[in-house]
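Report on the structure
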Amino acid sequence: MTKLLHASHAISRRAFLQSSAAGAAVASLAPGLLLSPAAAQSVLTVGFIYVGPKDDYGYNQAHAEGAAAIKALAGVTVVEEENVPEAIDVQKTMESMINLDGATLVFPTSFGYFDPHMLEMAKKYPDIQFRHCGGLWQEGKHPGNTGSYFGYIGQGQYLNGIAAGYATKSKKIGFVAAKPIPQVLQNINSFLLGARSVDPAITCQVIFTGEWSLAVKEAEATNALVDQGADVITCHVDSPKVVVETGADRGAFICGYHANQSPLAPEKYLTGAEWAWGNVYTDFVKKAQAGEKLGNFVRGGLKEGFVKMSPLGPAVAEEARKKFEATLAEIMAGGFSVFKGSIKDNKGKVVVAEGQSFAEDAIELESMDYLVEGVVGSTA
Amino acid sequence: MEATGIGVWGVPLAIFAGAVRVSTPFIFVSLGEAITERSGRINLGLEGTLVFGAMTAYGVAVMTLSPWLGVLAAMAVGACLGLLHGFICKFPKVNDIAIGIAMMQFGLGLAFFLGKPFIQPAAPKLPAIAFGAWSNLPQIQAALNINVLFLIGAALALLLWWAFRNTRVGLILRVVGDSSDAARAMGLNPDTVRLLATAAGGALAAIGGAYLSLYYPGSWNEGISSGQGLMAVALVIFARWNPIGCFLAALLFGGAGALGPALQSVGVTKGYYLFYAAPYVLTLVIMVATSSPTRSLAGAPGALSITK
């Protein structure tokens, strides 16, 4: 499969060189006459690019489930490519999708695809719409045919934290994290704040593995957390499968992330914060089909159906269930903020002042660079 | 007792446990490569064999519910990949290093392609022996849960070390590895010996893959190896083609790899990227410390293409 895809890159480059030489000449004479291949047809071709395998029980699976949801819509063709590195490769993939498959809407779903790869392609193909998952799109700074969408999954980690807060006996919970970027830091902080809403004595140990997918290091990190007494584990890595299985094997409770991992640890799985990309992609596609302008900065949380929680597992006690459901209801009602002052970071600096609170859509949260008090770990 | 932290003692414990848990794939790949290189050939394709072995073992274990059948199947496909490498290298003017790189990509690509349906299902795991049952600390119990493949690997290192010196097969392997001409004069066919040595190396490397997918971390996905097969090939040179050296070097790499997560877990959280580089820094330091400007690598087989 990899070989075939490489071959298609080669073709696309060659075809592209030929057509761009001819196309440039025509375009300069009559710009309005030149229609992209997909625009001439009534079928909308949508491209999805994943950084890993699309059945990884994690980040990529969540997106692929979203892509599967729009395959069912009429007049939509979906093209997908998996295991595309966050490097020049993704530009080639986008180019193939645009030139060979006629994709007019492209979703590069991994964080590192945004800058410079997607931005380069957007400049080169101004008629194609690009929407990136997780990037921070800014008006004026980034091209108008690009945009970003993301979900406030921190709320989900807050709810995970509530379940963890009731389940922990050692008052120590663990987090296996990939890289200290704002989204990851917000999840770690939310997880601890959720647990502390149950018992303020709880601490959360974090271990960064440095990469989105490193199976052996994730297993080592999970073992190290359990060795240090953490008895509820969650994570933010691309594929939580290894963390979930290793943690449950060691007897820790598990809170899931990205997708529903309860089949991997049915007894130990408390709940999990999952993406619900199907809703988001359906919305984009419907707008594109109707000829409406696509949003450039699309965000939503549990309330908007961007994020959902896994069903509570058998180990969740009645008391925990009540608090979980009450908080969920509060979030669904709108206006709930996880980050309410005063909050200090774990170096003692006040990061959210007394009386200040950041709602889920506060832009400040998307540039978070600290770990809150009670998290044992460092951002660098 | 309820699981509680064991403080800084967690670090040496994690290094020990990590050495045992993480080293097994390194042990098998490097022992396999030691056999191949002792015969005078380099098989750089073992990263591909490792991953293909991991996929095969997982797939067969999922379908038959027997992890041991998975290990056997991995050995068989590993041997086949080795045979293919050996067969191609038999032709004159074929460079074994280039073929190895091609075989690596071939093995990876084929494993990713055929392994698609096995990412989701869960396979039965290989058994471990609980040497830590005497302790009431769960951390020690977990660290002393030692997989049988690790023990087999340790025994195999000793056996190979002995066999290289004391058996006829070992002698044949060394003669072929040191001088093709001498081997021909003895009536040996170097190509056949190297073919078999590469096949044996492939079979062992694939066992390393089976350990990855069926025990630790114990799942099949495309990033399961992240270059361990390549590192293990380098370990052989580091270990001077000595099987016991391979075993010790593998332990060192396993333990050094566990250092990063263990230090973070006890609160040493600054500079973890640096700790993650520990195995490589260690390699560089040892290589520099043991190098000599006056003599070439001790123990290097004479017919190896890097020494020719």
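Keep in mind that what you see is a predicted model, and the values were worked out from it rather than measured.

**A few points about the overall build of chain A**
Of the regular secondary structure elements, chain A holds 11 helices and 18 strands. Residues classed as buried in chain A amount to 58% of the 380 residues present. Contacts in chain A between residues far apart in sequence, at least 24 positions, make up 68% of those at least 6 positions apart. As displayed, chain A has an accessible area near 14400 Å², and 55% of this comes from carbon and sulfur atoms.

**Regarding the sheet that holds strand β12 (residues 297–300) of chain A**
Residues and elements named next belong to chain A. With respect to topology, three strands assemble into an open sheet ordered β5-β6-β12, the strand pairing being parallel. Edge positions in the sheet fall to β5 (132–133) and β12, since each has one partner strand and no second. The sheet contact formed by strand β6 (residues 148–151) and β12 spans four bridges and is parallel. Bridging across to β12, Phe-150 finds its partner in Arg-299.

**Side note on the domain arrangement of chain A**
Residues and elements named next belong to chain A. Assigned domains within chain A: domain 1 (41–151) and domain 2 (154–274 + 308–376). Averaged C-alpha coordinates put domain 1 and domain 2 at centres separated by 28 Å. Counting from both sides, the interface comprises 12 residues of domain 1 and, opposite them, 15 residues of domain 2. Summing both partners gives a buried area of about 1100 Å² for domain 1 against domain 2, and 61% of it is carried by carbon and sulfur. Between the two partners, domain 1 and domain 2, sit zero salt bridges. Here the side of domain 1 that touches domain 2 is composed, by residue class, of seven nonpolar, three polar and two charged.

**Things to note about the pairing of strand β1 (residues 44–49) of chain A**
Two faces, one strand: in a regular strand the side chains alternate between the faces of the sheet. Residue and element names in this part refer to chain A. For β1, the tally of buried residues reaches six of six residues, placing the bulk of the element in the interior. By the alternation rule, side chains of β1 split into Leu-44, Val-46 and Phe-48 and Thr-45, Gly-47 and Ile-49, which are all buried. For β1 and strand β2 (residues 76–81), the ladder comprises six bridges, and the chain directions are parallel. Bridge assignment links Val-46 to a residue of β2, and that residue is Val-78.

The rules behind the values
Residues numbered from 1 in each chain as written. Chains lettered and ligands numbered in written order. Predicted model: local features only at pLDDT ≥ 70, side-chain atom pairs only at ≥ 80, totals over all residues. Heavy atoms only, no water. Helix = DSSP H or I, 4+ residues; strand = E, 2+ residues; numbered from the N terminus. Buried < 20%, exposed > 50% of the residue type's maximum accessible area, 1.4 Å probe, protein only. Contact = heavy atoms within 4.5 Å. Areas by Shrake-Rupley, 256 points an atom, 1.4 Å probe, with all protein chains shown as cover. Pairing = 2+ DSSP bridges. Domains from an automatic or database assignment. Buried area = accessible area lost by both parts, 1.4 Å probe. Salt bridge = Lys/Arg side-chain N within 4 Å of Asp/Glu carboxyl O. Nonpolar A, V, L, I, M, F, W, Y, C, P; charged D, E, K, R; others polar.

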